[in-house]
Amino acid sequence: MKKTTKYATIGLAIAVLFFSGPTALLAGPNGGAACGLDLNPETRNYSKEVSDTDMDSAAQAQKGDMIAVAVVAQGVADLDTYQVEVQFDPQALEFVAGSQGDPVMDYANFLESEGGAAMGFRAVKTEEGVVNVSNALIGSDPGQAPEGSGIIAVLHFKVLDEKTSELNLQNVFFLDSAQETDAILQLSGAVVN
């Protein structure tokens, strides 16, 4: 009877891993991390874990307004490099510019929060309604790679139309100092009304 229980327990564990999908079997240090959009980065007392604390996913705007959208990495471990795509309605919003932080508004770059220097920040429109954002630390020192949550980019949009418009994340990847890549599946977008 004990032998049967042992095999049943092992079988159950294998089934749980199998049905959790390949990401559970192959997940690296950022397999449980998340990425979200914050429409009010001025209130940015983010939790170190994955949480909706201070993540404002909705905002009011009028035609002609400029809005700042913070891209927030959440619950990361040893973050060295990232790539994020932000998808938006080009009839309602126009991408103006992106930065790795905003010194005027004191939005510090989370990637550089442990003393590392980032290189190669990019925020470019790759196709109609999609902005690709990426950045990496110089070198691969795990002591300079941040852990927790913070702003990794700030994107500025001009409101073209007063209809409700969604901003969504897609193709999000985080790499650690050992260049282990995790596809980030916990994504939270935003809505501009």
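Preceding block: the structure.
Residues numbered from 1 in each chain as written. Predicted model: local features only at pLDDT ≥ 70, side-chain atom pairs only at ≥ 80, totals over all residues. Heavy atoms only, no water.

(A) View of the pairing of strand β9 (residues 165-175). Sheet analysis places strand β4 (residues 81-88) next to β9, joined by seven bridges and oriented antiparallel. Paired with Phe 88 across the two strands is Leu 167, which belongs to β9. Across three bridges, β9 lies against strand β10 (residues 181-183) in antiparallel orientation. In the strand pairing of β10, Leu 175 is matched with Thr 181. (Pairing = 2+ DSSP bridges. Helix = DSSP H or I, 4+ residues; strand = E, 2+ residues; numbered from the N terminus.)

(B) Fine view of the environment of Ala 70. Along the chain, Ala 70 turns up in strand β3 (residues 66-76). Excluding its chain neighbours within four sequence positions, the residues that come into contact with Ala 70 are Gly 36, Leu 37, Asp 38, Pro 41, Tyr 46, Ile 151, Ala 153 and Val 154. (Contact = heavy atoms within 4.5 Å.)

(C) Representation of unusual backbone geometry within the structure. Non-glycine residue Asp 78 carries a positive phi angle of around 55°. Topologically, Asp 78 is positioned in the loop between β3 and β4. Positioned with a positive phi, Asn 171 is a non-glycine residue whose angle comes to about 45°.

(D) Structural detail: the environment of Tyr 46. Examined against the element boundaries, Tyr 46 turns out to sit in the loop between β1 (34-38) and β2 (58-59). Here the alpha-carbon distance between Tyr 46 and Gly 150, two residues 104 residues apart in the chain, equals 6.8 Å. Apart from the residues within four sequence positions on either side, Tyr 46 is in contact with Asp 38, Pro 41, Thr 53, Asp 54, Met 55, Ala 70, Val 72, Ser 149, Gly 150 and Ile 151. Within the local environment of Tyr 46, its side chain forms a polar contact with the side chain of Asp 38, the two groups lying 2.6 Å apart. (Polar contact = N/O pair within 3.5 Å; in protein donor to acceptor, adjacent residues only side chain to side chain.)

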